Amino acid sequence: MTTIEITRFRASAARADALLAARPAMLHDFETDRAGFLDARLIRLADDEWLDIVFWRSSEDFAESRRRGGDRPGIQAFFALIDGVVSTEEGTTTDAVGA
């Protein structure tokens, strides 16, 4: 099974370009510094809302990442552009990532 992190957040339209520009550095920090990080997808919704879907090897890996928060420069830069978190959920899937 794969653990899925689903975070819905707000970022103003004025910050959208900066958010997208900061995304690669955040993903790089996750890839190189977060055990169990598998993949992530960012979806732009209506009304300045975004959906970030992150795939983790296990619930424990996800929990450790949450504990560490924005402790890397690329992650900090991305998080700084978020106006507010609407919701965060955790789930699991039996589908292979990318299938």
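Everything that follows concerns the structure shown earlier in this document.
Now for a quick tour of the structure. (Residues numbered from 1 in each chain as written. Predicted model: local features only at pLDDT ≥ 70, side-chain atom pairs only at ≥ 80, totals over all residues. Heavy atoms only, no water.)

F9, L19, F30, F37, W50, W56 and F78 are the most contacted members of the largest nonpolar core, which totals 17 residues. Once residues lying within four places of it in the same chain are set aside, the contact partners of F30 are F37, W56, S65 and I75. (Core = buried A, V, L, I, M, F, W, Y, C linked by side-chain atoms within 4.5 Å. Buried < 20%, exposed > 50% of the residue type's maximum accessible area, 1.4 Å probe, protein only. Contact = heavy atoms within 4.5 Å.)

Time to look at the sheet that holds strand β1 (residues 2-10). Strand order in the open sheet formed by 4 strands is β2-β3-β1-β4, with antiparallel pairing between adjacent strands. The two strands at the open ends of the sheet, each matched to only one other strand, are β2 (37-44) and β4 (84-93). Between one strand axis and the next, the sheet turns through 15° on average, direction left out of account. Pairing geometry for β1 and β4, over 9 bridges, is antiparallel. Considered in β4, the bridge of R10 is made with G84. (Pairing = 2+ DSSP bridges. Helix = DSSP H or I, 4+ residues; strand = E, 2+ residues; numbered from the N terminus. Axes fitted to C-alpha atoms, helices over the stretch in contact; angles between N-to-C directions.)

This part is about the pattern of salt bridges. What the rule picks out here adds up to 12 salt bridges. One salt bridge in this structure joins E49 and R8, with 2.5 Å as the shortest N-O distance. One end of the pair, E49, is in strand β3 (residues 49-56); the other, R8, is in strand β1, and 41 residues separate them in sequence. (Salt bridge = Lys/Arg side-chain N within 4 Å of Asp/Glu carboxyl O.)

The analysis is restricted to geometry; functional conclusions fall outside its scope.
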